[in-house]
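# Remarks on the overall topology
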Amino acid sequence: MRQILIVGAGQSGLQLALGLQARGYDVTLMSNRTADEIRHGRVMSTQVMFTTALRHERDLDLAFWEAQAPRIEGLGVSVAGPEGARAVDWVGRLDGFAQSVDQRVKMAGWMDAFASRGGRLVIHGAAVSDLDYFSRAYDLVLVAAGKGELVSMFERDAARSAFAEPQRALAVSYVHGLGPRPEHPEFDAVRCNLVPGVGELFVMPTFTTGGRADILFWEGVPGGPLDVFKDVKDPGEHLALTLELMERYTPWEYARATRVELTDAGGTLAGRYAPTVRKPVGRLPGGGLVLGVADVVVANDPITGQGSNSAAKCAASYLASIVEHGDRPFDEAWMRGAFDRYWQTAQHVTKWTNAMLGAPPEHVLGLIAAGERSQAVADRFANGFDDPADFEEYLYDPAATAAYLDSVGAA
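Not measured: the values here are computed from a predicted model.

Quick notes on the rules
- Residues numbered from 1 in each chain as written.
- Predicted model: local features only at pLDDT ≥ 70, side-chain atom pairs only at ≥ 80, totals over all residues.
- Heavy atoms only, no water.
- Axes fitted to C-alpha atoms, helices over the stretch in contact; angles between N-to-C directions.
- Helix = DSSP H or I, 4+ residues; strand = E, 2+ residues; numbered from the N terminus.
- Parallel < 35°, antiparallel > 145°, perpendicular 65-115°, else oblique.
- Left-handed = near helix turned anticlockwise from the far one by under 90°.
- Contact = heavy atoms within 4.5 Å.
- Nonpolar A, V, L, I, M, F, W, Y, C, P; charged D, E, K, R; others polar.
- Phe/Tyr/Trp six-rings, centres within 6.5 Å; stacked < 30°, edge-to-face > 60°.
- Lys NZ or Arg CZ within 6 Å of the ring centre and 35° of its normal.
- Core = buried A, V, L, I, M, F, W, Y, C linked by side-chain atoms within 4.5 Å.
- Buried < 20%, exposed > 50% of the residue type's maximum accessible area, 1.4 Å probe, protein only.
- Pairing = 2+ DSSP bridges.

What follows covers the packing of helix H8 (residues 307-325) against helix H9 (residues 332-357). Two elements in contact, H8 and H9, have axes separated by 10 Å at closest approach and are oriented at 150°. With respect to H9, the element H8 is oriented roughly antiparallel. As for the relative orientation of H8 and H9, their crossing is right-handed in sense. Contacts between H8 and H9 pair Ser310, Lys313, Cys314, Ser317, Tyr318, Ala320, Ser321, Ile322, Glu324 and His325 from the former with Trp334, Ala338, Phe339, Arg341, Tyr342, Thr345 and Val349 from the latter. Across the contact of H8 with H9, the residue classes break down as nine nonpolar, five polar and three charged.

Here is the structure:
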């Protein structure tokens, strides 16, 4: 039986561990926190997962909360205009529903499942020296912990990394008490509110430790008026500042948020990081090799909501590569090949996300505006969040955009 070590118990690490376990591999999973510590800790992300990513979970019988989490059936875009008005406002319908499950719920539940199914769970904050030892005891070591010392083993890929510094300052609040959007009270939708030159506010339904909730998520241009959360430590102050900014920049969203309260004391998060692509193979001091997973090697800004989706897709891709490889050695050539296979998907996410971080060119602004005139445009743009490769057909080239809008009568 092949022995595999996975370091990191997030979306990708746990999904891969459970998938390998189900296929008879001897899997050891290392986490720096217990399931209970995760369950009762601070929120970690803003995960909304679309059809393809949810299918990967369902294929492994891991959709434990599908019946409880809100079904997100739409994705809307608003663009702020002068004096609190909206220059653009539309909602596209998703071909298949999306869902968000607080990672405190999901990761803790998946860790419990992995252990109950006989998996070896080690609670230990791994260092490079630990992996140097373990690499000699396992057939394959995968690093799925996207922060800390271990990431330094993976060299930045300058040719694929457009930015050296963070492009957004992030601030998250999980809340109860948010009212429905009056434009579509009959179904749940993610709302993307674009404030040109300032940043973005995302509002998304979720399932958390206390049941149904909503996420208020500001992304601010560094140094701008939204970049004010860095020194805020008190959760109540964090929420108050979130609402103050909503009232100023997105009053249509603030109107339904006047009675919100935090889900719990751990329901806020703030930070920033530079979107980075790294080379997939890490070299240990003793000569061993480890393979980076998901945001260890492809970390995109969350502006396009792809973090958990990419993690699920990476785990599914690596699972297939491992199983198909059989009993052959997991050498450097195989590691690079496994990453290249995943990059065929990840490259589209990286290109789209990086494009959305800059000032949109005129043809993209025109495309977004066309979503208000054409439901076909709105729906196609919304479904690009599930399959970003589709944007290659009509988003990046002005001529292709014009041809597409002509074809649907939305020019």
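Now that the structure has been shown, we can carry on.
With that settled, consider the packing of aromatic side chains. Under the criterion given, the structure shown has 16 aromatic pairs. Through pairs of rings, three or more aromatic residues link up here, namely Phe50, Trp90, Trp352, Phe381, Phe385, Phe391, Tyr394 and Tyr404. Geometry around Phe97 places Arg71 over its ring, the cationic atom sitting 4.0 Å from the centre. Residue placement shows Arg380 over the ring face of Tyr404; its charged tip is 4.8 Å from the ring centre.

Next up on the list: the nonpolar core. It is characteristic of soluble globular proteins that their nonpolar side chains tend to be buried jointly. Ranked by internal contacts, the top residues of the largest apolar core, which has 65 residues, are Ile6, Leu131 and Tyr318. Beyond its immediate stretch of four places on either side in the chain, Leu131 contacts Leu5, Val7, Ala126, Val141, Val143, Leu150, Met153 and Leu284. Leu75, Val88, Tyr174 and Phe217 belong to the second-largest nonpolar core, a separate cluster that totals 40 residues.

Our next topic: the sheet that holds strand E2 (residues 26-31). Strands sit in the order E5-E2-E1-E6-E15-E14 across an open sheet of six strands; the sheet is mixed. Two strands close off the open sheet at either side, each with one partner strand: strand E5 (120-123) and strand E14 (281-283). Geometrically, the sheet is characterised by an average inter-axis angle of 25° between neighbouring strands, direction not taken into account. Summarising the sheet, strand E6 (residues 140-143) and strand E15 (residues 289-292) pair through two bridges and their orientation is parallel. In the sheet register, Val143 faces E15, and the bridge partner there is Gly292. Strand contacts of helix H1 (residues 11-22): strand E1 (3-7), E2 and E6, with the helix running at about 160° to E2, the strand carrying the most contacts. This element, H9, spans E6, E14 and E15 of the sheet and lies at about 5° to E15.

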